[in-house]
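# Summary of the model geometry
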Amino acid sequence: MTRLIRLPEVQHRVGLGRSTIYRWMSEGKFPKPVQLGGYSVAWSEREVEAWISDRLK
């Protein structure tokens, strides 16, 4: 089971700002979040960790 993480934690883990994360998502360079309801979204911790691992290679 994967944990869902919210934007502040994603920003802390990847060291990027909100606008950069959303821009890279639209360009296909960053994982997209899942809709939780209304305007709430969260990212799969596993996908974010995989993205970080790919950058370190």
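Preceding this section is the structure that the text describes.
Residues numbered from 1 in each chain as written. Predicted model: local features only at pLDDT ≥ 70, side-chain atom pairs only at ≥ 80, totals over all residues. Heavy atoms only, no water.

Those residues of helix H2 (residues 18-26) that fall on the buried side of the exposure criterion are Thr 20, Ile 21 and Met 25. Viewed end-on, H2 has its buried residues packed into an arc of 135 degrees, placing them on one side of the element. Those residues of H2 that are exposed and aimed more than 90 degrees away from the buried face are Ser 19 and Ser 26. If you follow the buried residues of H2, they end up packed against helix H1 (7-14) and strand E3 (40-44). Immediately beyond the C-terminal end of H2, within one or two residues, lies Gly 28, with a positive phi of roughly 80 degrees. (Buried < 20%, exposed > 50% of the residue type's maximum accessible area, 1.4 Å probe, protein only. Helix = DSSP H or I, 4+ residues; strand = E, 2+ residues; numbered from the N terminus. Arc of directions from axis to C-beta. Contact = heavy atoms within 4.5 Å.)

What follows is about helix H3 (residues 45-56). Look at H3: 17 Å from first C-alpha to last across twelve residues, which is about the 16 Å you get at 1.5 Å a residue. Those residues of H3 that fall on the buried side of the exposure criterion are Val 48, Trp 51 and Ile 52. Buried residues of H3, seen end-on, are gathered within an arc of 95 degrees and therefore sit on one face of the element. Residues of H3 that are buried sit in contact with strand E1 (4-5), H1, H2 and E3. (Expected span 1.5 Å × (residues − 1).)

So yeah, pure geometry; function would need other evidence.
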